[in-house]
Amino acid sequence: MTDEPEAVNAEAWGAYGAHHLRRGTVLSEAARIDWGFGGGGPGSEVLGELTGRRVLDLGCGPARHAAHLVRAHGALVDAVDASAGQYERARARYGSLPGLRLVLGDAVQHLRSAEPYDVVYSVNGVPYIDPHRLLPALAGALRPGGRLCFTVLDTNSRGDGPSDRVAARPEILRLAGGGEITVHMWVLTPEVWTALLTEYGLRVEGIDVLDTPEAGNRASYRLFRVTRPVRVSSRPRVDKPPAAHAALGVGAVLYGPRGLLLGRHRRGTWELPGGTVEPGESLQEAVVRELGEETGLAARPEDVRLLGTLLDDAGGVVRITVAARVTSWRGEPSDQPGETVGRWRWFALDRLPEQLFVCSAQALTVWRPGLPIDHTPAHFTPYDTGAGDS
């Protein structure tokens, strides 16, 4: 058996489910969603209106919460779990409940193939899956405006707190009746979880602290209340105005079968390739140079179609951005030494990340006016009446 964290967890949850099948563990019916420590904290109200809504319980276990939402709220719930034992427990108890569909399988594979959900929730199932694998699948399976609520471990019973590094660590899962199983969990700070959710196009609306009421037990969970925005936000990179010599820049739109190319600035914004126009070069040459310097991709000036000029005010400085469409390029985007923008990725237009750099946001709405992106206004002067073409 490989020691990869998710593989360790798959084996552990298989053993966990088999243990409870052998033991014949019977749990009481759920009267509310128990996010942690025996009913403390909010209940199902954080999920919003549920009647007739498509809901996913991620890591459902014996499906008590899923059954409660079907019976008490009229939700249409898919409940997925990777443990065969847990699935058998759920099927034996709730297999004939109308409105509930039990699914045995990998959560990410299910998310990638499912129709969009109005609500997705998980009671402590999220920390067992690599967030870089799970979160993009979650964002893709949640309809715009939909809600995601989940709990994660923040501090264990020994007082070991969260990490600011995105890596799994071993934790002990204690079994009813005795015994324990080692699992691997991503125990991350709320700031890291928030940054990861934002990176994959989700917006954190609130975080609840759930502490154990037991004296001497330092265990604590965090309940994240998240939405997939209907519109994508943008923000300035910094509060200060740009330096006067950097007022003229270019932003390059590269869009192909894999999506739209965006990179992450070290200050947290997602951006198109681009930058400052240098003395003596044309706008097309500036696009080609910046594209090569930032991403390693090669293009020719004749591959660049200028869309027009955007003018706005940044702290009293007139900022001019020329939006451009690169129609052909060669190579694969990669991080370049010494550059402030990296982590280049292709994004589907309906899954753009939050916190676009405002100049990139302006350029994108010039290229595709129908994109649901919010940004400060800019005066646009088109160079080409085909600015909205693909």
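Right above here is the structure, for reference.
What comes next concerns the included structure. Note that the structure is a prediction, hence the values are computed from the model and not measured.

Things to note about the pattern of salt bridges
- Throughout the structure, instances matching the rule amount to 25 salt bridges.
- The salt bridge partner of E354 is R203, with a shortest N-O separation of 2.8 Å. Of this pair, E354 sits in the loop between β18 (341–347) and β19 (356–357) while R203 is found in strand β8 (residues 203–211), placing the two residues 151 residues apart along the sequence.
- Residue classification places R203 among the partly exposed positions, given a relative accessible area of 30%.
- One salt bridge connects R289 with E293, and the closest N-O pair in it is separated by 3.2 Å. With R289 and E293 both in helix α7 (residues 283–295) and four residues apart, the pair spans about one turn of that helix.
- Each of E278, E281, R289, E290 and E293 takes part in one network of salt bridges that share partners.

Examining the packing of helix α1 (residues 5–23) against helix α3 (residues 84–94)
- Interaxial distance between α1 and α3 falls to 6 Å at its minimum, and their mutual angle equals 45 degrees. As far as their axial angle goes, α3 and α1 are oblique. Across the interface between the two elements, Y16, G17, A18, H20 and L21 of α1 pack against G85, Q86, E88 and R89 of α3.
- Split into classes, the residues belonging to the contact of α1 with α3 amount to three nonpolar, four polar and two charged.

Points about the sheet that holds strand β17 (residues 317–326)
- Spatially, five strands are ordered β15-β11-β17-β16-β20 in an open sheet, and the strand pairing comes out mixed. For this open sheet the edge positions go to β15 (274–276) and β20 (379–382), each flanked by a neighbour on one side alone. The sheet shows a mean angle of 20 degrees between the axes of neighbouring strands, taken without regard to direction.
- Relative to strand β16 (residues 304–314), helix α8 (residues 358–367) is tilted by about 130 degrees, and along the sheet it contacts β11 (248–253), β16, β17 and β20.

A few points about helix α6 (residues 190–199)
- Burial of α6 is extensive: seven of the ten residues sit out of reach of the surface.
- Within α6 the residues assigned to the buried category are P190, V192, W193, L196, L197, T198 and E199.
- Phi turns positive one or two residues past the end of α6, at G201, with a value near 85 degrees.

A short note on the packing of helix α5 (residues 131–141) against α6
- For the pair α5 and α6, interaxial distance at closest approach is 9 Å and the crossing angle is 50 degrees. Comparing the axis directions of α5 and α6 gives the class oblique. Between α5 and α6 lies a crossing whose hand is right-handed. Touching P131, H132 and L135 of α5 are W193, L196, L197 and E199, all from α6.

A look at the packing of aromatic side chains
- Tallying each qualifying case throughout the model produces eight aromatic pairs.
- Judged by centre distance (6.0 Å) and plane angle (65 degrees), the rings of F150 and W193 are edge-to-face. Linking F150 in strand β5 (residues 142–155) with W193 in helix α6, this pair joins segments that are 43 residues apart in sequence.
- Using a relative accessible area of 0% as the deciding quantity, one classes F150 as buried.
- Taking the relative accessible area as the measure of exposure, W193 reaches 0% and is therefore buried.

What about the pairing of β17?
- The element β17 is extensively covered by neighbouring structure, given that seven of its ten residues are classed as buried.
- As defined by bridge partners, β11 adjoins β17 across six bridges and the pair is classed as parallel. Along β17, the bridge assignment pairs A252 with A324.
- In this structure, β16 lies alongside β17, joined through ten bridges in antiparallel fashion. Bridged to L306 within β17 is A324.

Some words on the state of the cysteines
- The tally for this structure, following the rule as stated, stands at zero disulfides.
- In this structure C149 is not part of a disulfide, and its nearest cysteine sulfur, from C60, lies 17 Å away.
- Using a relative accessible area of 2% as the deciding quantity, one classes C149 as buried.

A few points about the pairing of β5
- Most of β5 sits out of view: ten of its 14 residues are buried.
- The pairing of strand β4 (residues 117–122) with β5 spans five bridges and is parallel. Directly across from V120, in β5, lies its bridge partner L148.
- Considered for its hand, the β-α-β crossover made up of β4, α5 and β5 is right-handed.
- Pairing between β5 and strand β9 (residues 220–227): eight bridges, direction antiparallel. Across the sheet, residue L148 finds its bridge partner in β9, namely V226.

Rules used in this analysis
Residues numbered from 1 in each chain as written. Predicted model: local features only at pLDDT ≥ 70, side-chain atom pairs only at ≥ 80, totals over all residues. Heavy atoms only, no water. Salt bridge = Lys/Arg side-chain N within 4 Å of Asp/Glu carboxyl O. Helix = DSSP H or I, 4+ residues; strand = E, 2+ residues; numbered from the N terminus. Buried < 20%, exposed > 50% of the residue type's maximum accessible area, 1.4 Å probe, protein only. Axes fitted to C-alpha atoms, helices over the stretch in contact; angles between N-to-C directions. Parallel < 35°, antiparallel > 145°, perpendicular 65-115°, else oblique. Contact = heavy atoms within 4.5 Å. Nonpolar A, V, L, I, M, F, W, Y, C, P; charged D, E, K, R; others polar. Pairing = 2+ DSSP bridges. Left-handed = near helix turned anticlockwise from the far one by under 90°. Phe/Tyr/Trp six-rings, centres within 6.5 Å; stacked < 30°, edge-to-face > 60°. Disulfide = S-S within 2.5 Å. Right-handed = clockwise from strand over helix to strand, strands pointing away.

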